[in-house]
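Fold and contact review
As a plain string of letters, each chain reads:
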Amino acid sequence: MDINLARTFLMVAETGSFIEAADKLNITQSTVSARIKGLEELLGRPLFVRSKSGAGLTSAGEQFRKHALALVRVWQRAQLEVSLSNQHRDHLAVGATLGLWQGFLLKWVARLRADSPDIAVSAVSASPAVLTQRLIEGTLDLAVMYRPIQPPGHVVEHLFDEEFVLVTSARLMGRRTPSDYIFVDWGPDFQQDHAAAYPELTNPGLYLDLGSISIEYLLANEASAYFPSRIVKPHVARGRLRQPKRARRFVYPVYMVYPETRDEETYDQVIEGLRSAAARLG
């Protein structure tokens, strides 16, 4: 299938308009209409419901959207790897949830690049659902996340246990209230456990879905929040943050996920390096 058909479909789905899609793609509206018509003929199903207000996806369109994304990502990866082939012997696409990059995976990538400069690396941050989908479609070689669902044809290997601890930058360590507490979203498991432990903090004054970057707010303002222990340790050691002794701790296992069938020469080196990086956290 012409990859432009998938790109055009995704743009119409995003904008909800054939006219806006044409403007963004810098093509005519008739070209957009012709591409969507050709795609619908290939699939044998209508993908959009047209109306005066725009274009909405049909149930078949909703089903096709994830496959269109996969087609575009596979094509983009093919273009990237071909362009890198003259300078690098291999290319590794790695994905992880946002909080695992800081203080862990970026250090591992730096060591990998130093030890194997002929391996190009692409790094992405995404939700576990997106990472799993990309592993299945083959646009990721390796993913690191909390408690993954095992994709078919992949190995799930435990790396370490992540401990989340409460830290505060407040001068006086009193009772936490929604006004001075930051809820940093570390995923569905954390949301559930946190709600059970602190029902009075279910509606805090500040909610951040920014992962480890959120610590910048805590360091600049008097507040309290939960963070991975490995990230806050240096700040606690320097006295910039304090850790209440009686506060609840949450522990979640971290896993790496990679294909069962793989290039052993490249993967063994990569996987062993990641195991070593996880071991150093202890």
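Scroll up a little and you will see the structure.
All of these numbers come straight from a predicted model, not from anything done at the bench. (Residues numbered from 1 in each chain as written. Predicted model: local features only at pLDDT ≥ 70, side-chain atom pairs only at ≥ 80, totals over all residues. Heavy atoms only, no water.)

1. What to know about unusual backbone geometry
- Phi at Asn 26 takes a positive value of approximately 60°, unusual for a residue other than glycine.
- For Arg 147, which is not a glycine, the phi torsion comes out positive at approximately 40°.
- Its place among the elements puts Arg 147 in the loop between strand S5 (142-146) and strand S6 (154-168). (Helix = DSSP H or I, 4+ residues; strand = E, 2+ residues; numbered from the N terminus.)

2. Observations concerning the sheet that holds strand S10 (residues 250-259)
- Pairing is mixed across the open sheet formed by six strands, whose spatial order is S4-S3-S5-S10-S6-S9. The open sheet is flanked by strand S4 (119-125) and strand S9 (224-228), the only strands paired with a single partner. The average undirected angle you get between the axes of adjacent strands in this sheet is 20°.
- In this structure, S6 lies alongside S9, joined through five bridges in antiparallel fashion. When the bridges of S9 are listed, Leu 166 appears paired with Tyr 226.
- Here helix H6 (residues 128-137) sits on the sheet and contacts strand S3 (90-96), S4, S5, S6 and S10; the angle it forms with S5, its principal contact strand, is near 155°. (Pairing = 2+ DSSP bridges. Axes fitted to C-alpha atoms, helices over the stretch in contact; angles between N-to-C directions. Contact = heavy atoms within 4.5 Å.)

3. What about the packing of helix H1 (residues 3-15) against helix H3 (residues 29-43)?
- Running from N to C, H1 and H3 point in directions that differ by 110°, and their axes come no closer than 9 Å. The pairing of H1 with H3 is recorded here as roughly perpendicular in orientation. Note on element contacts: H3 touches H1 through Val 32, Arg 35, Ile 36, Leu 39 and Leu 42, opposite Asn 4, Leu 5, Thr 8, Phe 9 and Val 12.
- Tallied by class, residues from the contact of H1 with H3 come to seven nonpolar, two polar and one charged. (Parallel < 35°, antiparallel > 145°, perpendicular 65-115°, else oblique. Nonpolar A, V, L, I, M, F, W, Y, C, P; charged D, E, K, R; others polar.)

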